[in-house]
Amino acid sequence: MPQKILAGRATDPQLRGDLVQVKVDQVILSRAPSRALAEAIATGMKKTPVEVAVAYDGTCVADASSLADIDEGSPHSVSPEFPTYNIPIARPGIGFPAPVHLERFAAPARLALTDDPRLATVGGIGMLSLVVSPSQLGQALATGSAWLRPPRSVQIHLSGRVRPFVCARDVALELLRRNLDEVVRRIEGEHHAPVILEFAGPSARLLSVGDRAVLCGIAPQVGAAAALFVSDEKTEVFLRDQRRSKAHRALVPDPGAPCEEVVSIDLGTVDPLLMDEEGVVRPVRDLAGKPVAQVVLGGDSGVTLRDMLAAALLLKSKRVPSRLDLLVAPPSRQVLEVLAQSGALVDLVATGARIIEPDRRVVTSEIYPPPPGGLSLRTADPEPRIAGAPSFVVASAETLAYAVATGSVGDPRSFKRPVRVTVPRALPTDDVLILRDKKGEQVSTKKPPPAPAAVPWKGPLTLDVLAGVPKWNGRAVVGAPGHKAPAQVAPVAPVTTDDKAQAAPAEGKAAGGVALVLSTLDEVRAVAERATDLSAVRAVVAPFVPSTAVSAFASEGIATFLVGAEALGSIREQKSVELPAPAQWGDRVAAVFGSERVEVAWLATGMERSWTHAGTVRQPPSASKPAR
């Protein structure tokens, strides 16, 4: 399926070569919208030629920091100029980007590019969504095309039927428990190509589009580039309910289409599961009886409209325990309206729930963090698990309902009987919070921020080594080059004078920047998501880096090197690394960490290598031509 989608849009339908140029149908801006717009304008864009481009403004709860970001034109803000470039703005309050896009914009058999890994959920409708850097998004906005690596596929074969009190979230956790990440890592290592999860089998057709989206949401956690379901009659019904029947397009894989591996799962064998604070998937009964201090029902993934209605029915006439906070974050405005019209919202409020806004910082725990010393249960997928980041337990909506009803973790099958949920077919589809350009009405006198200057690689370079993820305070990176620093992200920590002093290079040493030595996939994911904010980072060294992250790093001028796990320990202890001139780089690069010479593999390929050397993927306006 993914190869078929790309082949229909590629200049080379055979998908030969390390990278192929493909036409892009949709561009979804979520994490750094203004940076992507600045890149597109620098390339010469007047109006984007892509079919659909949307910028999501996810800051619902305004505070001093967020207002300052808007005033200063932060890359993460959304300026009023977007509609003038044919890019509508999804205003605050419409919901989290992933569920809103699934409802209002996603279409089967299309290709979408985004800067938010959480948009993998749109694969539930049959749309291929790939994560790229803001600079690559800028090129896609300006030219309507992008350069991508041809992917490989892993098929997830679904059979059987889920039992009562087992949700799609439990099935997703079961896939994580089966070490799907090891399969993805092995295939990536063999082919140096992104891996896409394809769901198939007789039970795939039984799942609703919402349930499919939940399963697709695990792709980033296992290192996969995306996940995908075939569009079928369930997809057509979903689009009809959304009053978007014209968006449906049937596209099925060719009979006997090859895949790298098949992973089979019988849905009838899945029990209620949870992912504990350490990231380990376990049966719910393993934590049975443990007191719960906070429950966050909703968020951008892991929960469907059916799950929200089921939780409301299970909690009807119940009361929130005195030491527990129940927070309800409806995934989208549409879900909120349905909950209100059905009376489920009244039932939740009567239970003692607090309804919170769909702010992007809810899923990152920057606001409403887990209480110190207390257990927090949530339905949404976690951010990359790194040292110092807030941790919580991930479980299904029905498991959360049992925790609210009893005040402790327990198996939802302990409820007397399963509830019968009827999801309404008449859904509210008024896009009142979508801001479009109406004959220049949205023109603003404020100019979008300029694209950052490229920093090319020139001659040999000495970089300071930093083990782990740099500390992040929400608006700046607090690095400690040349010193050992804990691998942690501090979302609200202020920048101190000592931190600034540590960030300066030592006297007599070339001010080349920073090389990050990362140990886990989660650390790589965390750095890839903040690549645009890590201006001092010039290289990433790790035992495994997904191909999509390699491309994203290369487009920002960050070199990505592969190193064996056995050499990782000694490398992390060094204070600096010396790299030869880029002209001497090949598939292998001789790097000197301290006094130790280590050969590392350069993971970039084809055009990605020229992007790395140039420090940008950006082309001058005269060189940019719209895709055919």
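Residues numbered from 1 in each chain as written. Predicted model: local features only at pLDDT ≥ 70, side-chain atom pairs only at ≥ 80, totals over all residues. Heavy atoms only, no water.

(A) Inspection of the overall build of the chain at higher detail. Helix and strand counts for the chain stand at 19 helices and 28 strands. Relative to the globule expectation of 25 Å for 628 residues, the C-alpha radius of gyration of the chain, 24 Å, shows essentially globular dimensions. Viewed in the frame of its principal axes, the chain has a C-alpha envelope of about 70 × 55 × 55 Å. A total of 628 residues make up the chain; the buried ones form 59% of that total. When contacts within the chain are restricted to residue pairs at least 6 apart in sequence, those whose partners lie at least 24 apart make up 75%. Summed over all atoms, the accessible surface of the chain reaches about 25,000 Å², with 52% contributed by carbon and sulfur. Side-chain charges of the chain comprise 70 positive and 67 negative groups, with the mean position of each set lying 4 Å from the other. (Helix = DSSP H or I, 4+ residues; strand = E, 2+ residues; numbered from the N terminus. Rg over C-alpha atoms; globule rule 2.2 N^0.38 Å. Buried < 20%, exposed > 50% of the residue type's maximum accessible area, 1.4 Å probe, protein only. Contact = heavy atoms within 4.5 Å. Areas by Shrake-Rupley, 256 points an atom, 1.4 Å probe, with all protein chains shown as cover. Lys, Arg positive; Asp, Glu negative; His and termini not counted. Charge placed at Lys NZ, Arg CZ, Asp CG, Glu CD.)

(B) Seen up close, the nonpolar core. Ranked by internal contacts, the top residues of the largest apolar core, which has 44 residues, are F553, F561 and L579. The element that contributes the greatest number of residues to this core is strand β24 (residues 537-542), accounting for 5 residues. Each residue touching F561, except ones within four places of it in the same chain, is listed here: A539, V540, V541, A542, L579, W585, V589, V600, A601, W602 and L603. (Core = buried A, V, L, I, M, F, W, Y, C linked by side-chain atoms within 4.5 Å.)

(C) Layout of the packing of aromatic side chains. Applying the stated criterion across every chain yields a total of 6 aromatic pairs. Considering the side-chain rings of Y402 and F415, the 5.5 Å spacing of their centres and the 80° angle between planes classify their relative orientation as edge-to-face. One end of the pair, Y402, is in helix α14 (residues 397-406); the other, F415, is in the loop between α14 and β19 (434-435), with 13 residues separating them in the sequence. Each of the two residues, Y402 as well as F415, counts as buried. Both rings, one in W585 and one in W602, keep their centres 4.9 Å apart while their planes meet at 85°; by these two values the pair is edge-to-face. Here W602 lies in strand β28 (residues 596-602) and W585 lies in the loop between β26 (576-579) and β27 (588-593), a separation of 17 residues in the sequence. (Phe/Tyr/Trp six-rings, centres within 6.5 Å; stacked < 30°, edge-to-face > 60°.)

(D) Just the sheet that holds strand β23 (residues 514-517), in detail. Strand order in this closed barrel of 7 strands is β20-β23-β24-β25-β28-β27-β26, and the pairing throughout is mixed. Across the sheet, the mean angle separating the axes of adjacent strands is 35° when strand polarity is ignored. As paired elements, β26 and β27 share 2 bridges and run antiparallel to each other. Each residue of the ladder has a partner; that of E578, found in β27, is V592. (Pairing = 2+ DSSP bridges. Axes fitted to C-alpha atoms, helices over the stretch in contact; angles between N-to-C directions.)

(E) Structural view of the sheet that holds strand β15 (residues 325-329). The 7 strands lie next to each other as β13-β12-β18-β17-β14-β15-β16, forming an open sheet whose pairing is mixed. Of all strands in the sheet, those bounded by a partner on one side alone are β13 (281-283) and β16 (354-355). Sheet analysis places strand β14 (residues 294-298) next to β15, joined by 5 bridges and oriented parallel. Its bridge partner lying in β15, L297 is registered against V328.

(F) Focus on the pairing of strand β1 (residues 20-23). Of the two faces of β1, the one lined by V20 and V22 is fully buried and the one lined by Q21 and K23 carries no buried residue. Here 4 bridges tie β1 to strand β7 (residues 145-148), and the two strands are oriented antiparallel to one another. Paired with V22 across the two strands is A146, which belongs to β7.

(G) Main features of the pairing of strand β3 (residues 52-56). Most of β3 sits inside the fold, with 5 of its 5 residues counted as buried. Side chains of β3 alternate between two faces, with V52, V54 and Y56 and A53 and A55 buried alike. Relative to β3, strand β2 (residues 26-29) runs parallel, the two being bridged by 4 bridges. Paired with I28 across the two strands is V54, which belongs to β3. Since β2 and β3 lie parallel, the crossover through helix α2 (residues 33-42) that links them has a hand, and here it is right-handed. Pairing of β3 with strand β4 (residues 89-90) involves 2 bridges; the strand directions are parallel. Counterpart to A55 in the pairing with β4 is I89. (Right-handed = clockwise from strand over helix to strand, strands pointing away.)

Note that all results are geometric; they support no functional claim without further evidence.
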